[in-house]
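The chain contents come next:
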Number of protein chains: 2
Amino acid sequence: MTKDVDASRPAGLVYDAWRGVLFATSRTLQIAEPDLIAKAGFPLTWLDVLAQLYDAADDGLRMQELEQRSLFTRSGLTRLVDRIESAGLVRREAVAGDRRGVRVVLTPEGRRRHDAAFADHNKFIEREFGRRLTEAQLQAVAEALATFWHDDEAAAKG
Amino acid sequence: MTKDVDASRPAGLVYDAWRGVLFATSRTLQIAEPDLIAKAGFPLTWLDVLAQLYDAADDGLRMQELEQRSLFTRSGLTRLVDRIESAGLVRREAVAGDRRGVRVVLTPEGRRRHDAAFADHNKFIEREFGRRLTEAQLQAVAEALATFWHDDEAAAKG
DNA sequence: AATCAGTAGTTGACATAACAGAGAGTGTTA
DNA sequence: TAACACTCTCTGTTATGTCAACTACTGATT
């Protein structure tokens, strides 16, 4: 292995932590995705969008805002919303005063499906991810990695 | 640690840890991938494969073994290896004694490109991921999440 | 030696993502 | 009010991954 990494810190430590994070994510998602599809009938990408809309005000979000809060590109979102819309879970509405814009809004059906899916998914994460760590470990991980989503929230507000 | 989720556990704790892991991964990958492409000329999926072959013995790995050690399906791997092969970084060779099989082997060029890419990528992770955690936090995360890749290694050997 | 279940890897059809650029609308400036 | 730069969203093309079906081979059984 390379020797010229930061000498003040045990070599491999960062890499071990990174590797852990990477594997925890992929392994968990790899089983959570099929589980969600089986129970809710749609994939995690849909749940991401639905959850964003759920957290937003009743008049939904513009495509642009969805883009900022998700990990998708704009063109990816157009098509993703297309699919969710043709399943009847969201609706595109005109924006008063800006004819370029679109608001994406949860339908009642979408809200129901979100609630069920969200509950199931959380239970799944509790079981499959949470089971493998002690309470102290969960706390340590949560605290150590909190910095990564604080960034996001700052960006979404700014 | 097997089946029963500890009911005495604070409600949002698992979720906060999971959220941290998720965001740390996506945020870091989101910047590491373009960086690798700019410097090495290929994406992270290639580096995964090259690194597996690098760690293996000189006669490489069979598709099957690559599959177990990566997060790809077999057909996905077929195509990934196709691409890497046509870039000249790996070579498919016949397996003595089993005419169904294929060994995937690093070419000298592949080894060189791996070394450079691996060093760059590690430095990048050191900086962008490692920078945001204290040494104690790195240690805690590494230890807490080690279970997720030990599974993999066990599976690869068993 | 004929059969047949199982294994190794590839291929075809399809789903979903990204990038670049198009089309429509807005608002400011001259 | 014509021109222009900018914004918002969608579309065309291409890349990459999955699932299911397929070919080729192996090894055990009869």
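Above this text is the structure in question.
Residues numbered from 1 in each chain as written. Chains lettered and ligands numbered in written order. Predicted model: local features only at pLDDT ≥ 70, side-chain atom pairs only at ≥ 80, totals over all residues. Heavy atoms only, no water.

Participant: Please explain helix H2 (residues 44–55) of chain B as it appears in this structure.
Facilitator: The periodicity of an α-helix, 3.6 residues per turn, causes residues three or four places apart in sequence to face the same way. Here H2(B) spans 16 Å end to end across 12 residues, near enough to the 16 Å set by a 1.5 Å rise per residue. Residues of H2(B) that are buried: B:Leu44, B:Trp46, B:Leu47, B:Val49, B:Leu50, B:Ala51 and B:Leu53. (Helix = DSSP H or I, 4+ residues; strand = E, 2+ residues; numbered from the N terminus. Expected span 1.5 Å × (residues − 1). Buried < 20%, exposed > 50% of the residue type's maximum accessible area, 1.4 Å probe, protein only.)

Participant: I would appreciate a short explanation of the packing of helix H1 (residues 13–40) of chain B against helix H5 (residues 108–128) of chain B in the present structure.
Facilitator: When two helices pack together, you describe them by how their axes are tilted relative to each other and by the distance separating the axes. Residue and element names in this part refer to chain B. Interaxial distance between H1 and H5 falls to 10 Å at its minimum, and their mutual angle equals 145°. Relative to H5, the crossing made by H1 is right-handed. Across from Thr 28, Ile 31, Ala 32, Asp 35, Leu 36, Lys 39 and Ala 40 in H1, the residues of H5 making contact are Arg 113, Ala 117, Asp 120, His 121, Phe 124, Ile 125, Arg 127 and Glu 128. (Axes fitted to C-alpha atoms, helices over the stretch in contact; angles between N-to-C directions. Left-handed = near helix turned anticlockwise from the far one by under 90°. Contact = heavy atoms within 4.5 Å.)

Participant: Just checking my understanding: could you explain the pattern of salt bridges for this structure?
Facilitator: It is possible for side chains bearing opposite charge to pair when their charged atoms get close. Residues and elements named next belong to chain A. Per the stated rule, a full pass over the model turns up 25 salt bridges over all chains. A salt bridge links Arg 100 to Asp 98; its shortest N-O distance comes to 2.9 Å. Look at the salt bridges and you will find they share partners, linking Arg 62, Asp 98 and Arg 100 into a network. (Salt bridge = Lys/Arg side-chain N within 4 Å of Asp/Glu carboxyl O.)

Participant: Sorry, what's going on with the protein's contact with DNA strand C here?
Facilitator: Of all residues adjacent to DNA strand C, which total 21 residues, the nearest are A:Thr73, A:Ser75, B:Arg79, B:Arg92 and B:Arg100. Those atoms of DNA strand C that come within 4 Å of the protein belong to sugar or phosphate at a rate of 61%. Between DNA strand C and A:Arg99 there is a distance of 3.2 Å, counted from a phosphate oxygen to a backbone nitrogen or oxygen. Of the residues belonging to the surface near DNA strand C, the class tally is three nonpolar, eight polar and 10 charged. (Near = heavy atom within 4 Å. Polar contact = N/O pair within 3.5 Å; in protein donor to acceptor, adjacent residues only side chain to side chain. Nonpolar A, V, L, I, M, F, W, Y, C, P; charged D, E, K, R; others polar.)

Participant: Would you take a moment to explain the packing of H2(B) against H5(B) for this structure?
Facilitator: Residues and elements named next belong to chain B. Remark: H2 packs on H5, axes separated minimally by 10 Å, with the N-to-C direction vectors making an angle of 115°. Judged by the angle between their axes, H2 and H5 are roughly perpendicular. When you trace H2 past H5, the crossing you get is left-handed. Contacts between H2 and H5 involve Leu 44, Leu 47, Leu 50, Ala 51 and Tyr 54 on the former and, on the latter, Gly 110, Arg 111, His 114, Asp 115, Ala 117, Phe 118 and His 121. Residue classes in the contact of H2 with H5 are distributed as seven nonpolar, three polar and two charged. (Parallel < 35°, antiparallel > 145°, perpendicular 65-115°, else oblique.)

Interpretation in functional terms is not warranted from these geometric data alone.
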